[in-house]
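# Close look at the chain arrangement
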Amino acid sequence: MPPVDRICHLPDALLLRILSELPTAKDVVATMVLSKRWEPLWKSVSKLVYDDSYQNIDDVGRFSRFVDRTLILHEAPVETLHFKLTQMSLAVDIGVWIAIAVKCSVRDLVIDIDCPAILPRSLYRGSKMLVSLKLKSATLMDVSSLPSFLTLKTLSLVSVKYPGDEFVRQLLSSCHVLEDLDVDQCVDDNVTIFTVKVPSLKSASLYKSAGRSTEGEDGFVIDAPSLEYLGIFFDPVGFCVIENDMPNLVKAAVSAAHSSPGVTLTSFTSAKRLFICLPYSKDAYSLGSVFHRLVYLRICTCETEWLNLLMRLLNDSPNLRFLKLQKCHKIEGTRPSWNDPSSVPECLSSSLETLEWVGYQGSKEEKEVATFILRTGSCLKKVTIITPKSSDSDKKLEMLRELSLSFRRSPTCQLVFD
């Protein structure tokens with residue numbers, strides 16, 4: 001039996017699953033010519049992706065008519081609908097397609113537009129069935145009152161423009177079961193203070209892009225006590241106010257470019273895993289704060305204050321087990337200074353098992369801090385030192401020799417140098 005005939009004898013459910021894995025709706029609809037068995041199947045596929053850049057589609061009018069026709073002829077509920085549009089003229093059609101999508105009871109809606117487009121109010125009216133909504137380069141229209149998004153669990157807003165601060169606050173407050181939020185604020189999005197007050201929220205990644213000019217008034221206000229992950233990223237400046245404790249926080253990331261302090265780590269003391277890139281150490285968090293649950297710490301070494309911040313966190317993280325040092329950003333500034341501490345942090349003598357240093361260059365300060373950790377790390381089991389690819393072999397050997405001399409070897413500890 002020919003392969004095509006064998007496939008045709010598969011049950012409809014399996015064939016529909018195969019069709020849903022095809023890249024675009026154009027590929028899905030094209031299967032109707034295979035045989036009479038395949039001809040009606042595309043109308044029941046639960047996932048449709050419309051991409052006007054796929055296979056060099058240059059006839060915008062024909063693409064628009066294709067989308068109109070296939071959405072109208074589609075018979076079964078569409079669970080996932082994805083629009084990836086690059087042509088400016090299609091920005092007008094997106095309103096009609098969203099209206100059709102609402103009637104199809106779409107659960108997962110993705111709108112990725114390279115050119116600015118105003119989304120219609122029908123998007124809000126069709127919110128009752130949405131579980132996931134992802135928008136990129138879209139403009140949201142104002143409404144007198146927002147409906148409740150009763151089923152929405154995932155929301156992504158990338159380079160979206162809004163009517164204003166209050167609209168954002170109302171929008172997120174209307175998402176009563178929201179669990180995952182991804183925000184990337186662009187320039188001129190009409191929002192200065194982005195307020196996130198969502199009791200059900202478990203994961204939030206909040207980013208303010210470069211080029212925003214709000215003279216220090218740009219920031220986030222967060223009230224989400226159920227958060228398990230929180231990422232806050234400023235480029236270059238911003239502030240963050242966390243109104244309530246986050247007792248369930250497991251993982252957090254905080255990054256701010258070289259500018260005035262805008263966020264503190266005081267509200268992150270319940271985290272188990274932290275990634276930090278901050279241009280300050282003294283105001284990084286309140287005196288007396290202790291990170292009792294912290295077992296994994298990753299610090300970016302691009303900022304001048306990273307050594308002081310490292311020592312503060314080592315002293316205030318008694319149960320730390322994994323420490324990673326890595327230069328994640330290309331920032332050239334004043335080299336940090338190192339002074340041997342008067343006492344050894346508790347975690348170095350009782351819990352730290354792994355040290356990983358990515359981008360180790362062997363500077364005077366790096367040698368001193370590495371020597372201190374190797375000499376005092378009583379529980380170390382593995383130390384990995386990774387040098388930049390540009391380092392020559394002779395320099396690597398010299399750095400390895402210097403570190404080996406200060407390394408208090410034990411049968412249970414391994415030193416890896418790359």
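Residues numbered from 1 in each chain as written. Predicted model: local features only at pLDDT ≥ 70, side-chain atom pairs only at ≥ 80, totals over all residues. Heavy atoms only, no water.

## Some thoughts on the pairing of strand 4 (residues 132-140)
Condition: Any two strands are treated as partners once DSSP identifies two or more bridges connecting them. Only DSSP runs of H or I covering at least 4 residues are called helices, and only runs of E covering at least 2 are called strands; the numbering of each starts at the N terminus.
As paired strands, strand 3 (residues 108-119) and strand 4 are joined by eight bridges and run parallel to one another. In the strand pairing of strand 4, Ala117 is matched with Ala138. With five bridges joining them, strand 4 and strand 5 (residues 154-158) adopt parallel strand pairing. Among the inter-strand pairings, Ser132 is bridged to a residue of strand 5, identified as Thr154.

## A short note on the sheet that holds strand 7 (residues 193-197)
Pairing between the strands of a sheet is mediated by backbone hydrogen bonds and can be parallel or antiparallel. Definition in use: Interaxial angle, 0 to 180 degrees, is taken between N-to-C directions of lines fitted to C-alpha atoms, where a helix line uses only the stretch in contact.
Across the sheet, three strands lie side by side as 7-9-11; this open sheet has parallel pairing. Where the open sheet ends on each side, the last strands, each with one partner, are strand 7 and strand 11 (239-242). In this sheet, adjacent strand axes meet at a mean angle of 10° when their direction is disregarded. Pairing of strand 9 (residues 219-223) with strand 11, which is carried by four bridges, proceeds in the parallel orientation. If you follow Phe220 over to strand 11, its bridge partner there is Cys240.

## Thoughts on the nonpolar core
For the record, the criterion: Among buried residues, the Ala, Val, Leu, Ile, Met, Phe, Trp, Tyr and Cys ones that are joined through side-chain atoms within 4.5 Å form a nonpolar core. Each residue is assigned to one of three classes by its accessible area relative to the maximum for its type, calculated with a 1.4 Å probe on protein chains only: buried under 20%, partly exposed between the two thresholds, exposed over 50%. Any two residues whose heavy atoms approach within 4.5 Å are treated as being in contact.
Counting 120 residues, the largest nonpolar core has Phe83 and Leu230 as the members making the most contacts within it. Considering each element in turn, this core owes the most residues, seven residues, to helix 8 (residues 306-315). The residues contacting Phe83, other than those within four sequence positions of it, are Tyr50, Val67, Leu71, Ile94, Trp97, Leu109, Val110, Ile111 and Asp112. One finds Ala253, Phe275, Cys277 and Cys302 within the second-largest nonpolar core, a separate group that totals six residues.

## Examining helix 4 (residues 60-73)
Which entries qualify depends on this criterion: A helix's residues, less one, multiplied by 1.5 Å, set its expected span. The arc under discussion is defined with respect to the helix axis, by the directions toward the C-beta atoms.
Under the 1.5 Å per step criterion, the end-to-end length of helix 4 is 20 Å for 14 residues, consistent within 8% with the ideal 20 Å. Buried residues of helix 4: Phe63, Ser64, Phe66, Val67, Thr70 and Leu71, and no others. Buried residues of helix 4 fall within an arc of 155° about the axis and therefore sit on the same side. For helix 4, the exposed residues set more than 90 degrees away from the buried face come down to Arg62 and Ile72.

## Considerations on a positive patch on the surface
Put simply, the rule is: For patches, a residue must show more than 30% relative accessible area and have no salt bridge; joins then use 9 Å for like charges and 5 Å for nonpolar side chains, namely Val, Leu, Ile, Met, Phe, Trp and Tyr. We get accessible surface area from the Shrake-Rupley algorithm with a probe of 1.4 Å; when it comes to residues, only the shown protein chains can shield them. Within this document, salt bridges are pairs made up of a side-chain nitrogen of Lys or Arg and a carboxyl oxygen of Asp or Glu, the two lying within 4 Å of each other. Charge convention: Lys and Arg are scored as positive, Asp and Glu as negative, and His as well as the terminal groups of each chain are ignored. Each charge is placed at NZ for Lys, CZ for Arg, CG for Asp and CD for Glu.
Among the surface-exposed residues, Lys26, Arg62, Arg65 and Arg69 lie close enough to one another that they form a single positively charged patch. Tallying contributions element by element places helix 4 first for the positive patch, with three residues. Relative accessible area serves as the criterion here: at 53%, Arg62 is assigned to the exposed category.

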